[in-house]
Amino acid sequence: MKLLTLLFLCSTLLLPSLTQEEEDPQAIDCNDEDVFQAVDAALRKYNSELQSGNQFVLYRVMEGTKMVDSGTFYSFKYKIKEGNCSIQSGLTWQDCDYKDVEAADNGECTATVGKRGPKKFSVATQTCKITPGKGPVVETKFTCMGCVYPISTNNPDLEPILKHAIEHFNNNTNHSHLFTLREVKRAYRQVVAGLNFEINYSIVQTNCSKEHFQLLHPSCKASPDGDLGECRDNAYVDIAQNIADISQSCDLYPGEDLTQPLPEICPGCPVVIPVDSPDLKEPLGHSIKKLNAEHNHPFYFKIDSVIKATSQVVAGINYFIEFIARETNCSKESDTELTENCETKHLGQILKCKANVYMRPWENKVQPTVNCHASNMALLRIRPPGFSPFRAVQVQETNKGATDSDFIEGVVATTSPHATEIRDDLIPDIHVQPDSLSFKPISDFPEATSHKCPGRPWKPVNAKDHTTETGDYSDFDLVDALS
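Note that the structure is predicted; figures quoted are calculated from it, not measured.

Caption draft 1: Local environment of the nonpolar core. The biggest cluster of nonpolar side chains holds 32 residues, and the ones touching the most others in it are Leu58, Phe76, Tyr78, Ile80 and Val113. Elements that contribute at least two residues to this core include exactly helix 2 (33–49), strand 2 (54–68), strand 3 (72–86), strand 4 (106–117) and strand 5 (120–131). Counting residues per element, this core draws most heavily on helix 2, which supplies 8 residues. Ignoring anything within four residues of it in the chain, the contact list for Leu58 reads Phe36, Val39, Leu43, Tyr78, Lys79, Ile80, Trp93, Tyr98 and Trp458.

Quick look at the structure:
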C-alpha cells in the first residue's frame with residue numbers, strides 16, 4: 001500500500017494529466033535554444049560520470065524529435081569531441097576547447113531529456129559510443145534514477161507485464177468471455193530500486209468463453225462485435241525482473257455502444273472510408289503511379305499518409321482521396337519503378353495531393369487524376385545570393401527542389417538553380433523594394449519555425465574566428481607594396 005501511495009504521489013508531481021491525448025513526435029530545430037539547453041544538461045551529466053581524463057565538448061547536434069504530452073521530452077543525437085579541460089579542473093565543457101591532437105577521442109550520444117521548467121532539464125536516458133583516437137568503440141549508458149519518461153509502445157519490456165495484466169483482468173472479472181490485447185496506446189517507465197511502469201492500452205472480447213477456456217489460446221480471436229475495454233495499469237518490476245505488484249483500472253464498453261449507426265441507403269452518395277481501409281490499397285497504388293509518371297522530379301515519391309477518403313458508387317466506383325507524398329531515395333534514372341525498398345528522404349520534398357480514381361473492375365478500367373502542391377512543411381524562403389552567408393546551404397537545398405514547377409502548383413523560383421555557385425564578391429549590390437511581390441525581406445538569422453538538422457558546429461570560446469579576427473599591422477604605402 002505504501003508503494004502504491006508513493007507511486008501515486010510521484011506520478012502526480014512528475015507526470016500530471018496522463019489522460020490527455022498524446023501528440024505525435026515533432027521534428028526539432030537543432031539550433032533551437034531549448035534543444036541546446038537539453039544537450040547541455042545531457043553533456044554535463046555525461047562528463048560528471050567520468051572518473052578521469054578530460055571532459056568532452058559538444059561538436060554538433062545531428063537530429064532529434066520533441067514529444068509534448070503532459071510534459072516536454074526531447075530525444076536527440078549529438079556528437080562530441082575530447083576537450084583540453086580535465087575532469088577535476090572545475091570548468092564546464094563550454095569553457096573548454098577541443099583537444100588539439102590527432103589521438104583525441106570522439107563520440108556520438110543518444111539521449112532523452114525532459115523539460116520541467118523554463119530552464120530546468122533532467123536526463124532520462126543516455127547512451128554514448130566513444131571512439132578513442134586509436135582503439136575500439138566504447139559504449140556507456142546512463143539512466144536517470146527517479147525520472148518518469150515515455151518509452152516505445154513496442155518495447156519488449158512491456159510484453160511480460162501486458163501478458164500478466166490480461167491474465168489478471170480475465171481472472172478477476174465476471175465477463176462470460178476472455179479478452180485479449182488490442183492496442184498499446186502509451187507507456188511510461190521510472191527507474192527506482194527496480195522499475196515502475198504505467199501503461200495505457202485497450203482490450204477486446206474474443207470468441208473464447210470462460211466456460212470452455214481457462215486461459216487465452218492461439219485459437220482465441222477478437223470478435224468483430226465484441227465488447228471493448230480501456231485499461232490503465234501501474235506495475236512494479238523488482239531487481240530480479242519479477243512483477244512484484246500491479247494495479248489495474250479498466251472501463252468496459254458494450255460492443256453495440258461503440259458501433260457507428262448504419263448510414264441511410266443513398267444510391268450515388270459519397271461514403272467516408274477509414275484511412276487505413278484495405279479498399280484504398282488499389283486506388284492509392286494507381287494514384288502514386290500516376291503522380292510519378294507525370295511528375296518531372298528525378299526521384300520517385302511514395303505515399304506517406306492518407307488524410308481522408310470517400311467512395312461513390314456510380315457506373316463503377318469513384319474514389320476521392322487526400323494524401324501526403326514524400327520524396328524517396330529511388331532515382332528514376334537508376335530504378336525502373338517505385339518499390340517497398342524505397343525509403344523517404346529526411347529532408348526530401350513533401351507534396352499534399354488530391355486524387356480522383358474512377359474504377360470499373362469488371363472491365364479493368366482505371367482513370368486516375370492527381371493534383372499536388374508543395375506542402376508548407378517543405379517550403380523554404382529563398383533570398384538572392386550575397387545577402388547572408390548563413391543561408392548558402394539552405395538556398396542550395398531549395399534549388400534542388402525548384403525544378404518541379406511544371407507539376408506542383410504554387411511554387412515560384414526566385415533564383416536560378418546555379419545562383420549559389422557564383423562568387424559573392426562578383427555579385428553587385430541588389431536593391432529590392434520592401435513591397436516587392438517576388439521577394440520578402442527576412443532577417444539575417446534563421447526563422448525559429450524552420451527545422452534545420454544537423455545544427456551548426458559548436459564554436460569553443462577560445463576558438464579563433466578567422467573571418468573577423470584582426471591583428472596589429474603597421475602602416476604601409478601602396479607604392480611600397482607594388483614595388
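From this point, the narrative continues.
Caption draft 2: Fine view of the state of the cysteines. The full count for this structure, using the stated rule, is 7 disulfides. Disulfide pairing is shown between Cys30 and Cys453; the S-S distance is 1.9 Å. Measuring the twist about the S-S bond at about 100 degrees, one finds the Cys30-Cys453 disulfide to be right-handed. You can see Cys30 sitting in the loop between strand 1 (26–27) and helix 2 and its partner Cys453 sitting in the loop between helix 6 (392–400) and helix 7 (478–482), a full 423 residues away along the chain. Neither residue differs from the other here; Cys30 and Cys453 are each classed as buried. Here Cys85 pairs with Cys96 through a disulfide, and the sulfurs are 2.4 Å apart. Here Cys85 and Cys96 share a disulfide; its torsion about the S-S bond, -130 degrees, makes the bridge left-handed. In this pair, Cys85 sits in strand 3 while Cys96 sits in the loop between strand 3 and strand 4, placing the two residues 11 residues apart along the sequence. The pair Cys85 / Cys96 is uniform in exposure class, with both members buried.

Caption draft 3: Looking closely at the pairing of strand 14 (residues 316–331). Counting buried positions along strand 14 yields 13 of 16 residues, so the element is predominantly enclosed. As defined by bridge partners, strand 13 (residues 299–314) adjoins strand 14 across 13 bridges and the pair is classed as antiparallel. Its bridge partner lying in strand 14, Lys308 is registered against Glu322. In textbook terms, the turn of a hairpin is the stretch between consecutive antiparallel strands, and for strand 13 and strand 14 this stretch comprises 1 residue.

Parameters and conventions
Residues numbered from 1 in each chain as written. Predicted model: local features only at pLDDT ≥ 70, side-chain atom pairs only at ≥ 80, totals over all residues. Heavy atoms only, no water. Core = buried A, V, L, I, M, F, W, Y, C linked by side-chain atoms within 4.5 Å. Buried < 20%, exposed > 50% of the residue type's maximum accessible area, 1.4 Å probe, protein only. Helix = DSSP H or I, 4+ residues; strand = E, 2+ residues; numbered from the N terminus. Contact = heavy atoms within 4.5 Å. Disulfide = S-S within 2.5 Å. Pairing = 2+ DSSP bridges.

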